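Breakdown of the fold
Chain by chain, the residues run as shown.
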Amino acid sequence: MKKNLFSMLILCLIGLQSVLAQSREVSGVVTSADDGLSIPGVSVIIKGTTIGTTTDFDGKYTISVPEDGKILVFSFVGMKTAELPVNSNTIDLVMESESIGMDEVMVVAFGTAKKESFTGSAGVVGAEKLEERTLSSVGQALEGSTTGVQVASTSGQPGSAPAIRIRGFGTLNGDASPLYIVDGSQYEGSLADISPEDIASMTILKDASSTALYGSRAANGVILITTKRGKKNQGKVKIDFKAVTGVVSQAIPHYETVGAKDYYELMYQSYKNSLIHGADVDPTIAAQTAATGIFGKLGYNPFNVANDQIVDANGVINPDAKVIAQGLDWYDPIEQTGYRQNYNLSASGGGEKHDYFFSMGYLDETGYVTNSDFERINTRMNVNATPKKWLKLGTNMSWSFTKKGLASTTDGNSSFGNPFRFARYMGPIYPVYQINPTTGEYILDPAGKKQYDHGSGYDEHGIGSRPTNVDRHIVAELDYNFNETKTNIISNRSYAEFNIIEGLKVSTNVGIDVQNYHQKDFENKIIGDGAPDGRYNETRYTQTALNWNQLINYNTKFGEDHSVEVLLGHESYDLNYTYMYGMKSKSTVTGINEFDNFVTPTSLDGATYEKKSEGYFARLKYNFQNKYYFEGSFRRDGSSVFHPDVRWGNFYSVGATWRMDQEAFIQNLTWIDQLKFRVSYGEVGNDRIGTSRGNYYGYQALYEPHPNALESGLRWSSVGNDKLTWESNNAFDVALEYTVLNNRLHGAVEFYHKISEDLLYNMPLSPSMGLNSQPRNIATLYNQGFEISLGGTVIDTEDFKWNIDLQASTVKNEITAIPDPFDSGSKRWAKGHSVYDYYLYDYYGVDAATGDALYHKWEKDAEGNTHKMYDENGDPVLTTNEQDSEKGYTGDSSIPDLFGSISNTLKYKDFQLSFMFTYAIGGKILDYNYRDLMHEGEYGEALHVDAKKAWKQAGDITNTPRLQSGNTHIAPTSDRWLTDASYLSLKNVNLSYTFPKSKIKDLGINSLKVFASGENLFMLTKREGLNPQEAFSGTTSNVYLPSRVVSFGVNVSF
Amino acid sequence: MKKYFNKLFLLVLVVSTLGCSDDYLSTQPTHAFTPSSALSSPENMLVALNGMHREMYGQSSLNSTWHGGESYIMPMMEYGAGDYLRALPGTGWFKSTCQWTSHTDATSSNVEWVWYQYYHLIGSANNIINSAEGMVETDLLDEVLGQAYAYRAWAHHRLVCLFAKNPQYSDETTELGVPVMLVTKFPYEGQARETVANVYAQCETDIQKAITLLTGKSGRKSKTHITARTANGIAARIALTKGDFVAAATYANVAKSGLNLMSQDSYKSGFNSYENVEWMWGAEVVADQTNYYRSWFYYIGMNFNGSFDRGTPRIINSTLFNQIAVTDYRRDVFLDKMPDTTVAWDWEQEDGDSTNDFDPNYPTKAEFDKAVDSINALYFNNKTSFKKHPYQVAKFLNANPATIEPEDVLFMRVSEMYLIEAEALARQGGKDAEATAVISVLGNARVRVMEPALPEYDVAARGLSLIDEILLMRRIELFGEGHRWFDMLRNDEALDLAGSDADPSYYLKGYKQDKPSINNNWLFQIPQAELNANANMVANPAAVL
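Read on for an overview of the structure. (Residues numbered from 1 in each chain as written. Chains lettered and ligands numbered in written order. Predicted model: local features only at pLDDT ≥ 70, side-chain atom pairs only at ≥ 80, totals over all residues. Heavy atoms only, no water.)

**Section: the overall build of chain B**
Per the secondary structure count, chain B includes 21 helices and eight strands. The C-alpha extent of chain B, read off along each of the three principal axes, is 115 × 65 × 50 Å. For chain B, the proportion of contacts with a sequence separation of at least 24, taken over those separated by at least 6, is 72%. When the accessible surface of chain B is summed, it comes to about 19,800 Å², and 53% of that surface belongs to carbon and sulfur atoms. Treating the 46 positive side-chain charges of chain B as one cloud and the 65 negative ones as another, the clouds have centres 5 Å apart. (Helix = DSSP H or I, 4+ residues; strand = E, 2+ residues; numbered from the N terminus. Contact = heavy atoms within 4.5 Å. Areas by Shrake-Rupley, 256 points an atom, 1.4 Å probe, with all protein chains shown as cover. Lys, Arg positive; Asp, Glu negative; His and termini not counted. Charge placed at Lys NZ, Arg CZ, Asp CG, Glu CD.)

**Comments concerning the interface of chain B and chain A**
On the chain A side, the residues contacting the 95 residues of chain B number 91 residues. Summed over both partners, the interface of chain B with chain A comes to about 7,900 Å²; 56% of that surface belongs to carbon and sulfur atoms. Together, Leu 25, His 31 and Tyr 188 of chain B form the three largest contributors to the area buried by chain B at its contact with chain A, with a combined 10%. Viewed at the interface, chain A and chain B are joined by five salt bridges. Lys 586 of chain A is paired through a salt bridge with Glu 405 of chain B; the nearest N and O atoms lie 3.4 Å apart. At the boundary of chain B with chain A, the tally comes to 36 residue pairs in polar contact (both at pLDDT 80 or more). Mapped onto the side of chain B that touches chain A, the elements with two or more residues apiece are α1 (2-17), α2 (35-38), α3 (42-55), α6 (109-131), α13 (307-311), α20 (504-507) and α21 (528-533) of chain B. In terms of residue class, the side of chain B that touches chain A is made up of 41 nonpolar, 38 polar and 16 charged. (Buried area = accessible area lost by both parts, 1.4 Å probe. Salt bridge = Lys/Arg side-chain N within 4 Å of Asp/Glu carboxyl O. Polar contact = N/O pair within 3.5 Å; in protein donor to acceptor, adjacent residues only side chain to side chain. Nonpolar A, V, L, I, M, F, W, Y, C, P; charged D, E, K, R; others polar.)

**So, the pattern of salt bridges**
Residues and elements named next belong to chain A. According to the stated counting rule, one finds 77 salt bridges over all chains in the structure shown. Between Lys 987 and Glu 143 there is a salt bridge, and its shortest N-O distance comes to 3.7 Å. In this pair, Lys 987 sits in strand β54 (residues 983-994) while Glu 143 sits in the loop between α2 (127-131) and β11 (149-152), placing the two residues 844 residues apart along the sequence. Across the pair, exposure class does not vary: Lys 987 and Glu 143 are buried alike. (Buried < 20%, exposed > 50% of the residue type's maximum accessible area, 1.4 Å probe, protein only.)

**A look at the packing of helix α10 (residues 245-256) of chain B against helix α16 (residues 414-428) of chain B**
Residues and elements named next belong to chain B. Where α10 contacts α16, the axes come no closer than 8 Å and their chain directions differ by 150 degrees. Relative to α16, the element α10 lies roughly antiparallel. Crossing angle aside, the handedness with which α10 passes α16 is left-handed. Here Phe 245, Val 246, Ala 248, Ala 249, Ala 252, Asn 253, Ala 255 and Lys 256 of α10 lie close against α16, whose contacting residues are Val 414, Met 417, Tyr 418, Ile 420, Glu 421, Ala 424, Leu 425, Arg 427 and Gln 428. (Axes fitted to C-alpha atoms, helices over the stretch in contact; angles between N-to-C directions. Parallel < 35°, antiparallel > 145°, perpendicular 65-115°, else oblique. Left-handed = near helix turned anticlockwise from the far one by under 90°.)

**Let's talk about the packing of aromatic side chains**
Using the criterion set out here, one finds 81 aromatic pairs over all chains in the structure. Both rings, one in Tyr 761 of chain A and one in Trp 829 of chain A, keep their centres 4.9 Å apart while their planes meet at 75 degrees; by these two values the pair is edge-to-face. One end of the pair, Tyr 761 of chain A, is in strand β36 (residues 760-764); the other, Trp 829 of chain A, is in strand β42 (residues 827-829), and 68 residues separate them in sequence. Accessibility expressed as a relative area gives 6% for Trp 829 of chain A, which makes it buried. With a centroid separation of 5.0 Å and 25 degrees between ring planes, the pair formed by Tyr 72 of chain B and Phe 94 of chain B is classed as stacked. A residue pair is termed long-range when its members are at least 10 positions apart, and Tyr 72 of chain B in helix α4 (residues 70-79) and Phe 94 of chain B in the loop between β1 (84-86) and α5 (95-98) qualify at 22 residues. Like Tyr 72 of chain B, the residue Phe 94 of chain B is buried in the burial classification. For the cation-ring pair, Lys 450 of chain A lies above Tyr 442 of chain A, with the distance from its terminal atom to the ring centre recorded as 4.7 Å. Seen from the ring of Tyr 24 of chain B, Lys 612 of chain A lies directly overhead, with NZ or CZ sitting 4.5 Å from the centre. (Phe/Tyr/Trp six-rings, centres within 6.5 Å; stacked < 30°, edge-to-face > 60°. Lys NZ or Arg CZ within 6 Å of the ring centre and 35° of its normal.)

So yeah, pure geometry; function would need other evidence.
So, in structure tokens, the structure goes:
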């Protein structure tokens, strides 16, 4: 070493002599791409020489470059080495950290791990990826981020969080959502309450080996969210500011529905056929009656022709008919352009013995539907200190306040108060406002304002009533009603860590989340459920989650080759939810949404629900020569959901990693940079029976209060189950991870097989039992799949760089044991089928002679399986009454064959463009919305354009049966509504420009970036209006469609 | 020293926090109680029984549509049965019932609700009955058990009526009835359907036990509680349905003895209060236990202020109305001359077509408007938003017109006992005189009170046979109260709305149906949920519509 130094010195002296002859002075600043701060100690060497220097305290350097010195090489530990041509006297550099390498440290269960040593399967979403997105909830960022993760955008309501499934569907009860751990403690709030700007990373733990330490809660995967903390920065305070503003619109178009003229013709068919087939009227008379009488059925005439002359006896619209009625579009008045603005300010820093991060943020988003909005104010303070060698302390405190207006209030899929249902199914002949039936013009009130048409008739104006949604009016109700939800969440994570001796640490961590929720809901007295007096309700709850653990950590080395790490721990978890709900009716004055303003109490309830669990756990890690890694975990968990005799369960995992690149025979292969093989097996558990709070007491049979007037009363409410116990999830995982071709290409191939046993389910009992469900451990199923990810640098020049990441995953789901198969909605759960295999009536086609819908009959065999019936000639046995048949497996499932994402990052000089597609191939969606728009001819309800293909007369060859009001066999749920669920969606685009250092340094700014981004820009689907990502079960309903957000922003740091 | 102190401190910390106390994981609900406490004593069982009383009429979380027990089922028994009609499509409530597409559909929530609600009451009664084994007999226990047995009989009877053919025109020893549930416990294996005969046998055993246990007890606090008298009323219904007319007449006589019939004023006061002298069994509904838009009066009333009531005037089948004598004050609760506001009359006759351009009851707009105003004042608290139609039913009226205040719910009243006794006597043969005497008491009570007094009720005035006269009196008296569907099943009556104001293109398959003995469409389908979960269940024959 000394010798080397000596020879270097000599060489330097030789070099210096030539420099003295002809050289020029080059200087510059080196900063970090991560935080924009200068980096001291970077080595700067002239390529091909030994001439060099290092950057000073401020990241500055000055070097004399000889005539033949062309390139400067910058290197620093943990950063990517950079080579820059000497083409000016000032050369600044932004150094990037080595992020893709296997040396990366990642957050794992109860600690961190080097990626190289990790024996489990996990994906990481870092802050830099989150930065490219304009999201109100980080949940959306999980889509396409890692293989095996599926996302359903259940609602586009501002501030809503998507549903996530990791590696298939490991439970039957509908609560297969992963466990969220925020900074080490289970998180029970909404993801939308956490500002994405505060998040440093999200780790998605996918297999049992990585999740086993969470034992009982880990069966459906774990998402670890780590918030930001300050970095050591020699006492300097770093300030970041980000401002984003954008517009919000509807991402998916509406279904195509027919206009007024087509509607009248189709409804004529419906009426005529109901007379012929429903009331045995002679066809000729029926045609006449329908022609003159269809107006009477529909009630409104938007045309300029007489009421009895809209359609002729052949069902053809009057050629003179022109639509004169104003305002027939019901979407228009409830939709708007939404706006979004988001500001975040943070300050962070740190010294030798402390670090701190402080942030505050504000978000205001209005949705594209009136009355829907989301507002969030959040702050965070994360302080860590090491006052003594043996002591480390820290606390991370966040507070957030949110305010939400709900467009759909509390109403469900089929309620009158659901704007999506209301506007979608309103026939195209009904005006929003009262119009003069003769002129089609608005009838204005004395103040000159348009007046809502409630659909119940206005005799004085000769306006009849609608056959649908009578006395209901979504535009008016959204206008008059009031709905607001406020929450505030205080979240704290604190710890103390003691270094007892070298390698032995003892720590205790406390996490507490307190969520206060307050919803106010006013329904007006003019129209809707609040009429005639007006009514008001409030829901308030406080949810307190207390998570406390104690950990003992020991690591040591034996000799050069063996290192061992041991973790022992205990954890307790207590979730307490206490709520109150009240309702009063009869408002005194309008505009005051408080109980005092209402007269008659109609409801007042409240109760407390509590769920607790406790666990003891241990983990042992061993590695030999940083080549072979072994890891084993064990956890014993108890849960209050189960009977004391059966509440404790044992969970474990084992895993191994072989770093093949450390082997001599691989090291000879220069094209291989890194190669890692890993395998794991583990068993984890689940105690969630269902989503409702009542399930906290799953094993207990219960009676609920149900007073009878002034006498106290109790009603029988659940049967309980003493034997109910843990659902177990047994997972095997094997993978090969690689980086090759000088880091140009990297990826992984994974396979998993996950068996879920003793599945918890609120098993339907026959209703004759008096209660129709009981929680049970009922079945066994497995999920298995391949996951392939491939990333590469396609182009890598000095100015232009293009990275692509491809991901593809498969999921196969199959029930392997179930004692009594049973129907669950449009599915049937039986051995050999997935939980999402459709089980439906078989729509066969249309009887060309009558226009009837025909169904191919299924019959049941002795084992209870169904088969399609054929007569002795081998012809299918058909029926026009689907209920005369059993149902059968259609052979389709809602699970796609393949799904994944394609991400691109293109960099040109200081510009960066990134965009991500997500896709799914295969799988079917049971499009209930389409079914409801293809109804049998309900008077007043909108029809899809495909209804124009309906059978009209004998001989018509079509696949759409006749329209016939009142005939429920025309369009019931059947396989007729199954639609290919494949899609390609452009989820996100981000274009940014980072100002060069040289241009901004005089302004005192470290970095400055401007950007434009778009979320949910387009989606290719089989049918216009369809959202194949609405639900994992593959059904559609009347929900808030996803939002498209296009925004612009600026990011500056000082 | 300091070093050791630190370690000591840490050791204490770790040891003291590792592991929670033994009962840490024992949580108890605050929203509910365990059966061991709810059914532990007669006092507690009375509370559980009260829960059942509430479930008879209160909104229920058993069902995602939050139906309110009999508040919903009784109207369902009218809408498909041809006497209580709707003049306009209005909102969708009971549309499928009118069109006969719900009870014929195994997946319909109506079918499932009826089945589930009755079996839930049966299961709740079983819990009480089976918990009482070994308890010391007290008056209170008798009273609790008597009511539980009465519920079990009543609910099984309702089920067998709806889901199976009436034993009077089917072979009751082979006809499939419904499962008889006497125990509800693990493993909750679905039971097969018993024969109709067996179901009736169980109903009779249970109701006799109820009568025995309840006779002589009088701890009743409200009319939701079942007394010996109510139990006799239930027994009379069961016997009448089965065709056991001797028993029916006897039970009905016991049930009605000592009770009075209501007066003219009372009859016209809206059927909204449990305080009515005739009510034997009914529910008092208090403001903070409202059913909102699941109230009985929302479905059946005239001036409940709900969108269904405002936009969907309900009318009496005019063929029935026309058979009500003008001297009978029950005629007054049907407004045959109601101004028709469901039509946009062309008073000016601008189109030159003079036919039907004005309300036939009101030849001028002035007269029409005046009538509308006075009706609005009389029934609707001057609110104009209620649609009106001739033959509108003004029998069920809110105490405070045009509000959404919940009204009481009626399950059984004295007149029905008169009608059962009269019918059962008449059907026995040779007891026409006794039957005439009984029906005449009711008939006379319904003669309009006038000065000078009108002639007495004459059983032969309409020229009908005695039995037909009694059945007609029954249709008139119990109109809208949830009996009609059961009566049509029992009496094997066909449905035919010809001659009424019902619109055949609205009623469709609910316009005309052959009588139940030859037409399976009358059968409620066994709910799909039951068929799915119960391997022993057999479906009813599919409807042909």
